[in-house]
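What follows is each chain in one-letter form.
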Amino acid sequence: MGVTAVLLLIVAKIWQKLGSIALLDIEFTSGAFLLGIGVAGGIIVASSIIYRLWPAYRRSADAYLELVIKPLIWPDLIWLGLLPGLSEELLFRGVMLPALGLDLTAVIFSSLLFGILHLSGRQQWPYVVWATVVGFALGYSAWMTGNLLVPIVAHILTNLVSSSLWKAGKAVEISSSR
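About the thresholds
- Residues numbered from 1 in each chain as written.
- Predicted model: local features only at pLDDT ≥ 70, side-chain atom pairs only at ≥ 80, totals over all residues.
- Heavy atoms only, no water.
- Salt bridge = Lys/Arg side-chain N within 4 Å of Asp/Glu carboxyl O.
- Buried < 20%, exposed > 50% of the residue type's maximum accessible area, 1.4 Å probe, protein only.
- Helix = DSSP H or I, 4+ residues; strand = E, 2+ residues; numbered from the N terminus.

Participant: Sorry if this is basic, but what is going on with the pattern of salt bridges here?
Facilitator: Pairs can form between side chains of opposite charge whenever their charged atoms are close. Across all of its chains, the model carries two salt bridges by this definition. Between Glu66 and Lys70 there is a salt bridge, with the nearest N and O atoms lying 3.2 Å from each other. For Lys70, a relative accessible area of 52% translates into the label exposed. Among the salt bridges present, the one from Arg93 reaches Glu89, with a minimum N-O distance of 2.7 Å. Of this pair, Arg93 and Glu89 both sit in helix H4 (residues 76-100), four residues apart, which is roughly one turn of the helix. Each member of the pair, Arg93 as well as Glu89, carries the same accessibility label: buried.

This is the structure we're talking about:
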């Protein structure tokens, strides 16, 4: 996770320098924080509903999260929120959106690439579809507000809350099966 975050940061900084791309603004306002929290809440609720209703997504998400979250201890989930939330947002929304024109086409294209980043095997296509939708929500929030803080807050909170809920749910499954 740390290595991937560093690689994404390096790619973002190289692309930014070589392309002379101005990073999307980061404005620390209460409105941006609240909007980020709202976007995260929407993503978390939608993910919970899709997890319950779409068996292929549930299997795909469980396989992905088993790989990523199961080996982590609870305090590590903070890093799972922070590292991808910062590095992925810097690359996909902070640099890529302005580089591609900061329009709906840029949001769609960056969302597709964001989804593909979450591909870890052929069976993971439902998770990739969901990651693409999440990427669109994050990209759209960045495009509409012009503030990278909104998707950063949303991404960090989504990762932190979703991973905590998944880990807690698996802990309950294990203890109830004993």
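Participant: For this particular structure, what's the right way to read unusual backbone geometry?
Facilitator: What is expected of a backbone is that most residues other than glycine have negative phi and most peptide bonds are trans. Phi is positive for Ser20, close to 50°, though the residue is something other than glycine. Look at Ser20 and you get exposed, because its relative accessible area is 67%. Here the phi dihedral of Leu102 falls at roughly 45°; this positive angle occurs in a residue that is not glycine. Within the secondary structure layout, Leu102 lies in the loop between H4 and helix H5 (104-117).

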